[in-house]
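Chain by chain, the residues:
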Amino acid sequence: MVRTRFSAFVAVLVFISVAFAHGDKKHITGTLEKISGNSVVVKTAAGKSVEVKLAASTMYISRAGNEDKPAKLSDLAVGDRVVIHATPKGETLEASEIKFSSPPTSATAVKPKR
């Protein structure tokens, strides 16, 4: 009982620290729908398309397996899964960091059990 309460307490502390660690940043998670020279459009799980502006300071991080690697805009592809940390700038969002990974191929995709 004490161990369970302690674990729950630690989980809440971790959640709170993560929630406040990014300040005023917005998190956009979904699938890349469109890429242009100065912005990307992400389709969220709710089906909403969100445009995020890119800046010269935007950092790109590619995730392959359990490893993060530095990347660049040209490494992004439509269909990639993304998590974008963006700063609101008036009515727009500006990406400070884009983490992305390619969608699983049919050979590596998890197949449902029958």
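Above this text is the structure in question.
The following paragraphs examine the structure supplied in this document. The structure displayed is predicted, hence computed values, not measured ones.

Moving on: the side chain of Thr87. Here Thr87 shows up in strand β6 (residues 81-89). Exposure remark for Thr87: the relative accessible area of 15% places this residue in the buried category. A distance of 2.8 Å separates polar atoms of two side chains, one belonging to Thr87 and the other to Lys25. Those residues within four positions of Thr87 in sequence are excluded, and the remaining contacts are Asp24, Lys25, Thr92, Leu93 and Glu94.

What follows is about the environment of Gly65. Along the polypeptide, Gly65 turns up in the loop between β4 (59-64) and β5 (67-71). Relative accessible area serves as the criterion here: at 65%, Gly65 is assigned to the exposed category. For Gly65 and Ser101, which are 36 residues apart along the polypeptide, the C-alpha to C-alpha distance reads 8.9 Å.

Attention now moves to the pairing of strand β2 (residues 39-44). With five of its six residues buried, β2 lies for the most part within the structure. Of the pairings in the sheet, the one linking strand β1 (residues 26-35) to β2 comprises five bridges and is antiparallel in character. Bridge pairing links Thr31 to Lys43 in β2. Where β1 hands over to β2, the hairpin turn is made up of three residues, counted between the paired strands. Relative to strand β3 (residues 49-53), β2 is paired through five bridges, and the arrangement is antiparallel. The partner of Lys43 across the bridge, within β3, is Ser49. Here β2 folds back onto β3, and the loop between the two strands holds four residues, one of which, Gly47, carries a positive phi near 90 degrees.

We now examine the nonpolar core. Counting residues in hydrophobic clusters, the biggest one holds 17 residues, and the most contacted among them are Ile28, Val40, Val52, Ile84 and Ile98. Among the elements of the structure, β1, β2, β3, β6 and β7 (92-101) are those that each provide at least two residues to this core. Broken down by element, the residue count for this core peaks at four residues, all from β7. Apart from the residues within four sequence positions on either side, Ile28 is in contact with Val42, Thr44, Val50, Val52, Val82, Val83, Ile84, Ala86 and Leu93.

Reading guide: rules and limits
Starting from 1, residues in each chain are numbered consecutively following that chain's sequence as written. Only residues with pLDDT of at least 70 are given local features in this predicted model, and only at 80 or more are side-chain atom pairs given and counted; all residues enter the totals for whole chains, interfaces and linings. Heavy atoms from the whole structure form the basis of all side-chain values; hydrogens and water molecules are not counted. Numbering goes from the N terminus for both helices and strands, where a helix is a DSSP run of H or I of at least four residues and a strand is a run of E of at least two. Per-residue accessibility, obtained with a 1.4 Å probe over protein chains only, is compared with the maximum for each type, and a residue is labelled buried under 20%, exposed over 50%, and partly exposed between these values. Whenever a nitrogen or oxygen atom comes within 3.5 Å of another N or O atom, the pair is scored as a polar contact, on the condition that within protein one atom can donate a hydrogen and the other can accept it, and that pairs from neighbouring residues in sequence are kept only if both atoms are in side chains. Contacts are assigned to residue pairs that have any heavy atoms within 4.5 Å of one another. Should DSSP find at least two bridges between two strands, the strands are taken to pair. Buried Ala, Val, Leu, Ile, Met, Phe, Trp, Tyr and Cys residues that are joined via side-chain atoms within 4.5 Å together make up what is termed a nonpolar core.

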